[in-house]
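# A look at the structure
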Amino acid sequence: MNDNAAEPAFPRDIDDLRSMSVLLASAAADHIRARRLELGVGGGRAEGTGVKSGRVDPVTVVDRESEALIRRLVASLRPGDAVFGEEDGGAAAVPGGVRWIVDPIDGTVNFLYGIPAYGVSVACEVDGRIVAGAVADVAGGRVFHAGLGAGAVVRTADGREETLRCSAPDDLGVSLVATGFGYDSARRATQGRLVADLLGDVRDIRRIGSAALDLCLLAAGAVDCYFEHGLNLWDWAAGALIAGEAGAVVKLPDPEAASADGELVAASAPTVAEEFFGALDARGALGPISRCGR
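Attention here is on the structure that accompanies the text. (Residues numbered from 1 in each chain as written. Predicted model: local features only at pLDDT ≥ 70, side-chain atom pairs only at ≥ 80, totals over all residues. Heavy atoms only, no water.)

### Considerations on the sheet that holds strand 14 (residues 249–251)
The five strands are arranged 12-11-13-15-14 in an open sheet whose pairing can be described as mixed. In this open sheet, the two edge strands, each paired with only one partner strand, are strand 12 (204–207) and strand 14. Between one strand and the next, the sheet's axes are offset by a mean angle of 15°, whatever the strand orientation. Looking at chain direction, strand 11 (residues 176–179) and strand 13 (residues 225–229) are connected through three bridges and run parallel. From the neighbouring strand, A178 faces strand 13, where its bridge partner is Y226. Where helix 5 (residues 211–219) meets the sheet, it contacts strand 11, strand 13 and strand 15 (264–268), and its direction lies at approximately 160° from that of strand 13. Each of strand 11, strand 13, strand 14 and strand 15 is contacted by helix 7 (residues 273–282), which is oriented at about 150° to strand 15, the strand it contacts most. (Pairing = 2+ DSSP bridges. Helix = DSSP H or I, 4+ residues; strand = E, 2+ residues; numbered from the N terminus. Axes fitted to C-alpha atoms, helices over the stretch in contact; angles between N-to-C directions. Contact = heavy atoms within 4.5 Å.)

### Some details on the nonpolar core
Counting residues in hydrophobic clusters, the biggest one holds 73 residues, and the most contacted among them are W100, V120 and I242. Among the elements that make up this core, the one with the highest residue count is helix 1 (residues 14–39) (10 residues). In terms of nonpolar packing, the next biggest core, distinct from the first, is built from 20 residues, L194, V202, L264 and F277 among them. (Core = buried A, V, L, I, M, F, W, Y, C linked by side-chain atoms within 4.5 Å. Buried < 20%, exposed > 50% of the residue type's maximum accessible area, 1.4 Å probe, protein only.)

### Re the environment of S53
By secondary structure assignment, the location of S53 is in the loop between strand 1 (50–51) and strand 2 (58–59). Accessibility expressed as a relative area gives 59% for S53, which makes it exposed. Taking the C-alpha atoms as reference, S53 lies 8.3 Å from D184; in sequence the two are 131 residues apart.

### Brief notes about the pattern of salt bridges
A side chain with one charge may pair with a side chain of the opposite charge, provided their charged atoms come close. Tallied over the entire structure, the rule returns 12 salt bridges. Across the pair R71 and E67 runs a salt bridge, and its minimum N-O distance is 2.9 Å. Within this pair, R71 and its partner E67 are both found in helix 2 (residues 61–77), separated by four residues, close to a single helical turn. Overall, the relative accessible area of 0% leaves E67 in the buried class. In this structure, a network of salt bridges that share partners links the residues R35, E38 and E65. (Salt bridge = Lys/Arg side-chain N within 4 Å of Asp/Glu carboxyl O.)

### Digging into the packing of aromatic side chains
Under the definition given, this model contains four aromatic pairs. In this structure, R36 packs its charged tip against the face of F111, placed 5.5 Å from the ring centre. The ring of F277 is capped by K251, whose NZ or CZ atom sits 4.8 Å from the centre of that ring. (Phe/Tyr/Trp six-rings, centres within 6.5 Å; stacked < 30°, edge-to-face > 60°. Lys NZ or Arg CZ within 6 Å of the ring centre and 35° of its normal.)

### Comments concerning the pairing of strand 11
Where burial is concerned, the two faces of strand 11 agree: the one with L176 and A178 and the one with V177 and T179 are both buried. By the bridge criterion, four bridges tie strand 11 to strand 12 in an arrangement that is parallel. Following the sheet pairing, A178 is matched in strand 12 by R206. Since strand 11 and strand 12 lie parallel, the crossover through helix 4 (residues 185–198) that links them has a hand, and here it is right-handed. (Right-handed = clockwise from strand over helix to strand, strands pointing away.)

### Some remarks on a negative patch on the surface
Judged by side-chain charge, D170, D171, E274 and E275 come together as a negatively charged surface patch. As for its placement among the helices and strands, E274 is situated in helix 7. (Patch = residues over 30% accessible without salt bridge, like charges linked within 9 Å, V, L, I, M, F, W, Y side chains within 5 Å. Areas by Shrake-Rupley, 256 points an atom, 1.4 Å probe, with all protein chains shown as cover. Lys, Arg positive; Asp, Glu negative; His and termini not counted. Charge placed at Lys NZ, Arg CZ, Asp CG, Glu CD.)

### Examining the environment of D137
One can find D137 in strand 7 (residues 129–137). Taking the relative accessible area as the measure of exposure, D137 reaches 5% and is therefore buried. When the C-alpha positions of D137 and D63 are compared, they lie 15 Å apart, and in sequence the two are 74 residues distant. If we ignore the near neighbours within four places in the chain, the residues touching D137 are R33, Y118, R142, F144 and L213. Looking at D137, its side chain comes within polar contact range of the main-chain nitrogen of G140, at 3.1 Å. (Polar contact = N/O pair within 3.5 Å; in protein donor to acceptor, adjacent residues only side chain to side chain.)

### Focus on the sheet that holds strand 8 (residues 142–147)
Read from one edge to the other, the open sheet built from eight strands follows the order 4-3-5-6-7-8-9-10, with strand pairing classed as mixed. Edge positions in the open sheet fall to strand 4 (89–90) and strand 10 (161–163), since each of these has one partner strand only. The sheet strands contacting helix 2 are strand 3 (82–85), strand 4, strand 5 (98–106) and strand 6 (119–126), and the helix crosses strand 5 at an angle near 155°. In this fold helix 5 packs onto strand 5, strand 6, strand 7 and strand 8, with an angle of close to 95° to the strand it touches most, strand 7.

What follows is the structure in structure tokens.
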């Protein structure tokens, strides 16, 4: 649950896997920027857009192209590795193997509307543990990345690298909390009631529209806490590592949990973690959203 404990040594070079995650996320981000201009995306529409779980859950041709690009690069540069992606699935984790966990565009709705908050998330899993990851902020030109036990940094649009460290608010009442909502209307209604109830206990709420970027903003101190129910592994794998390596206290579901299970992903600046998780617990929200009584 809390990933800040001492970490075991892994047989592969984490620095190399971290560099690979940055390369994959950056290449996909470059492709997305170019294709968005070519397609003339805007107003919630783009050529080749379909839906997945429901009419408000879009997938674009650029999502598919981004994932396909990452798969080609992995096959070329590390042909023995597996890839597990949002759009085309993939192999389960293999003992002793390396698996790349990919969200080709996290924040597709933002991408479609021209809201500059969507990213590419790439995490590297070894023996069931996330050991490296990168999240490319496509519109902002930044790349957040981390290695297990090696800290987290952001590479800015002008190429500078800055160490990431989460914030240190005095208490929950002055903490800015990020969250997100699912695509299912009943779940969104439950999440909305939870947020409304929590709002009086915190500085304010932010709904940015990309779980991966939410976790990176937490790592950068741009928000103080984050929670969301019903994410998939590709949504949180890289961002949670980055947040944890920046000093956040992180609570994660089992990696095999699916969105339908409604499990919680949460992270907090350490100075308010006990208070934040206590506030969620008081509302029955540390468990799956289906068990939340509000």
